[in-house]
There are 2 protein chains.
Amino acid sequence: MKKENQSLEQIGGKLAEASSVLLFPHVQMDGDALGSSAALCKALRNAGKKAFILIEDEVPEFLSFLDNGYCTKDQDCIEDPDVCICIDCGETSRFPGREQAFFKGKTTICVDHHTTSEPFADYNYIDGSSAATAEIIYKILSAMGLPIDKEIGEAIFTGICTDTGNFQYSNATKESHLITAALYDAGIDHSRIAVEIYQNTRVEKIRITSKILDTLEVFAGGKAAAAYVTQDMLRQVGAKMEETEGVVETLRNIKGVEVAAFVKEQDENLIKVSMRAKTSGNVADIAALFGGGGHVKAAGCTIRKGLAEAQAELKEAIEESLRKAKA
Amino acid sequence: MKKENQSLEQIGGKLAEASSVLLFPHVQMDGDALGSSAALCKALRNAGKKAFILIEDEVPEFLSFLDNGYCTKDQDCIEDPDVCICIDCGETSRFPGREQAFFKGKTTICVDHHTTSEPFADYNYIDGSSAATAEIIYKILSAMGLPIDKEIGEAIFTGICTDTGNFQYSNATKESHLITAALYDAGIDHSRIAVEIYQNTRVEKIRITSKILDTLEVFAGGKAAAAYVTQDMLRQVGAKMEETEGVVETLRNIKGVEVAAFVKEQDENLIKVSMRAKTSGNVADIAALFGGGGHVKAAGCTIRKGLAEAQAELKEAIEESLRKAKA
């Protein structure tokens, strides 16, 4: 049964048979992991089943509106669940503290859209062509004939929006829009969701972003941009490192910039670098020079040096890479 | 014939009959005005007609990809045009330098989605329920049976995306998504469009944004946020005032903030204020206190005082408004 995908009908059938279902989003939940889980959990409860989302870390505040009594850290919330289903993750390392609980399910299911995932559960539906796992959840609910109410629709919408960058990223498809259009029939309030997701920025995030952009440097004839953050800067405004998310994209969005690097001081001699390329740049190659990796357009590396030294080496590598690309 | 809407078929019929069509987007073109115009212009040319977009100000750089030889300032580019059609604008004050040229059309048409627009042309199609004029253009082309090629599809997509804030604003509808889904059949490269629109920020815009956010002040118990820009700050980084667009939304997006105010020093004793409210706030009322106006969630005013004095009065008015709302 393992190592290949089952059909949506087979997955739906297993869920329909179950009286109790435990759902497993990945750690560091994002809008798709929690949105997909909340949508399925609500639909299963609507159908009279016992269902919970088992988590091991906190629900991020900007997604807390999705958790209407679904999330629990109590691994015994359901004794002997009929189905354990992992959502938006295709390997047990994405739910490390819940692996044992997962395999207690009489049937295990994996639903995911990451192309790197390998079928490992009893039933698997891994579709790399889906922009979001939430789209697959929509199709499973349709296959099961379960109605999509407003709350379920808004949770699915959250997953699609956040994983497609509001339909901008290349993964968005015609189907993403068709599914979203169908969600309007469930009465979703899409602009309320946008407020929940995007209009709840901590002021500390604004302050650290501003401080970081004060360090912005454009070099390599305008083709590269870099900025940095130090532990001291974070302390000054009371921000967390995770609140610097998005900075590297801002750097990449500068006109003419092909390669953007965001340099994060984790510790005195521990520098993490996030890089993005726009169209012709290749940051995977640059990251590899420092023992890092990633994709052509998004990569990263760790440099065990002081900030100034790391920055100097990085800038040189970026300039060299852009020179080569030109040649 | 005036003062009421015609049908899409009637509008399409008039365009189909015409041999030459001159298109009029509004001044300070945005993605919807130029996207809609470019889409219609290309479709009319594909159909063998003579068509130009007549403009009076510059095409913004981030939209220049839409102008593939369509835009001209030459008011004589078409002698005696069969149709003059104004697009995304419902009053002549929105194309002041081209009003005379507009009424030279043997037939005049107005296509718009602004609810404040009044039918004033021979033929009018004003639909306030459309999220973007680009959606109406899509429907006119469909009514005319004109094929939508990749370029036309991408121009329509640009209009829909920019006017709906990537499907986030409350004006986005099920139809916005259904039309967008249909555009995929024309082969649109949606992520290329996103790069064109959003990944071409002048570095000066980043620098001035950072400088402005350094002035960020949160007050009224966390319910209000304000920031300012001076002419001196603009000079220091070489930015233009229009590049401060978006700042007031960033302020509004702060968690807990109900009222955001962005204070712009236009001149020594001339302050312009842009305000936004999130959910319960009402900035129209605050703007009215200073002789300004707008909507409940987006309003503005002009204060003929120095920056410090204007700011102090504004803060007091905002605090008072939030106190009242609470009471």
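In this report, we go over the structure that sits alongside the text. The structure displayed is predicted, hence computed values, not measured ones. (Residues numbered from 1 in each chain as written. Chains lettered and ligands numbered in written order. Predicted model: local features only at pLDDT ≥ 70, side-chain atom pairs only at ≥ 80, totals over all residues. Heavy atoms only, no water.)

### Quick notes on the overall build of chain A
Cut-off, in case you're wondering: Each helix is a run of DSSP H or I of at least 4 residues and each strand a run of E of at least 2, with the numbering of both proceeding from the N terminus. Atoms considered for the radius of gyration are the C-alpha atoms alone. The globule rule reads 2.2 Å times the number of residues to the power 0.38. Each residue is assigned to one of three classes by its accessible area relative to the maximum for its type, calculated with a 1.4 Å probe on protein chains only: buried under 20%, partly exposed between the two thresholds, exposed over 50%. Residues count as neighbours in contact if any of their non-hydrogen atoms are within 4.5 Å of one another. All accessible-area figures derive from a Shrake-Rupley calculation using a 1.4 Å probe, and residue coverage is judged against the displayed protein chains alone.
For chain A, the helix and strand inventory stands at 12 helices and 12 strands. Relative to the globule expectation of 20 Å for 327 residues, the C-alpha radius of gyration of chain A, 22 Å, shows essentially globular dimensions. Considered along the principal axes of its C-alpha atoms, chain A spans approximately 60 × 40 × 40 Å. The 327 residues of chain A split such that 56% are buried. When contacts within chain A are restricted to residue pairs at least 6 apart in sequence, those whose partners lie at least 24 apart make up 64%. As presented, chain A carries roughly 13500 Å² of accessible surface, and 46% of it is formed by carbon and sulfur atoms.

### Some remarks on the packing of aromatic side chains
Residues and elements named next belong to chain A. Heads up, the condition is: Only Phe, Tyr and Trp rings take part, Trp by its six-membered ring, and two of them pair if their centres are within 6.5 Å. Stacked means planes under 30 degrees apart, edge-to-face means over 60, and tilted covers everything else. In our convention, an over-ring charge means Lys NZ or Arg CZ found within 6 Å of a ring centre and within 35 degrees of that ring's normal.
One pass over the full model with this rule turns up 13 aromatic pairs over all chains. Seen from their ring centres, Phe24 and Phe102 are 5.2 Å apart, and the 90° between their planes marks the pair as edge-to-face. With Phe24 in strand E1 (residues 20-25) and Phe102 in helix H3 (residues 99-102), this residue pair connects regions lying 78 residues apart in the sequence. A relative accessible area of 0% places Phe102 in the buried class. A centroid spacing of 6.4 Å and a plane angle of 70° characterise the contact between Phe103 and Phe120, whose relative ring orientation is edge-to-face. Of this pair, Phe103 sits in the loop between H3 and strand E5 (107-112) while Phe120 sits in the loop between E5 and strand E6 (123-126), placing them 17 residues apart in sequence. Sitting over the face of the ring of Phe219, Lys315 holds its NZ or CZ atom 5.0 Å from the ring centroid.

### A short note on the sheet that holds strand E11 (residues 293-294) of chain A
Residues and elements named next belong to chain A. Inclusion rule: One bridge is not enough; two strands pair if DSSP finds at least two bridges between them. Geometry is summarised by axes, namely lines fitted to C-alpha atoms with helices restricted to the contacting stretch, and by angles between N-to-C directions that run from 0 to 180 degrees.
If you walk across this open sheet you meet the six strands as E7-E8-E9-E10-E12-E11, and the pairing is mixed. At either margin of the open sheet sits one strand with a lone partner, and together these are strand E7 (217-219) and E11. With three bridges joining them, E7 and strand E8 (residues 224-229) adopt antiparallel strand pairing. The residue bridging Val218 from the neighbouring strand is Ala225, located in E8. Of the strands in this sheet, E7, E8, strand E9 (259-267), strand E10 (270-277) and strand E12 (298-303) are in contact with helix H12 (residues 307-326), which crosses E9 at around 160°.

### Some thoughts on the relation of the copies chain B and chain A
Copy one and copy two of the chain differ by a rotation about an axis and a translation along that axis. What counts, and what does not: Least-squares fitting of one copy onto the other uses the C-alpha atoms of those residues that reach a pLDDT of at least 70 in both copies.
If you rotate chain B by 180° and push it 0.0 Å along the axis, it lands on chain A with an RMSD of 0.1 Å. A rotation of that kind, with that shift, is consistent with a two-fold axis. Most of the interface of chain B is mirrored in chain A, where 100% of its interface residues are also at the interface.

### Here we look at the interface of chain B and chain A
By a frequent convention, interface size equals the accessible area lost on bringing the separate parts together. Our working definition: When two components associate, each loses some accessible surface as probed by a 1.4 Å sphere; the sum of these losses over both components is called the buried area. We define a salt bridge as a side-chain nitrogen of Lys or Arg found within 4 Å of a carboxyl oxygen belonging to Asp or Glu. In the analysis that follows, any N or O atom pair within 3.5 Å is treated as a polar contact, provided that within protein one partner can donate a hydrogen and the other can accept it, and provided that, for residues neighboring in sequence, both atoms belong to side chains. Charged means Asp, Glu, Lys or Arg here, nonpolar means Ala, Val, Leu, Ile, Met, Phe, Trp, Tyr, Cys or Pro, and polar covers whatever is left, Gly included.
With 39 residues of chain B at the contact, the number on the chain A side is 39 residues. Regarding the contact of chain B and chain A, the summed buried area is about 3700 Å², with carbon and sulfur atoms giving 56% of it. Linking chain B with chain A are four salt bridges, by the criterion used here. Two residues, Asp185(B) and Lys174(A), come together in a salt bridge whose shortest N-O distance is 2.9 Å. The tally of links from chain B across to chain A stands at 24 residue pairs in polar contact (both at pLDDT 80 or more). At the level of elements, helix H6 (174-184), helix H7 (190-198), helix H8 (203-213) and helix H10 (247-252) of chain B are the ones that each hand at least two residues to the side of chain B that touches chain A. The element that contributes the greatest number of residues to the side of chain B that touches chain A is H6(B), accounting for six residues. Residues belonging to the side of chain B that touches chain A are distributed by class as follows: 16 nonpolar, 14 polar and nine charged.

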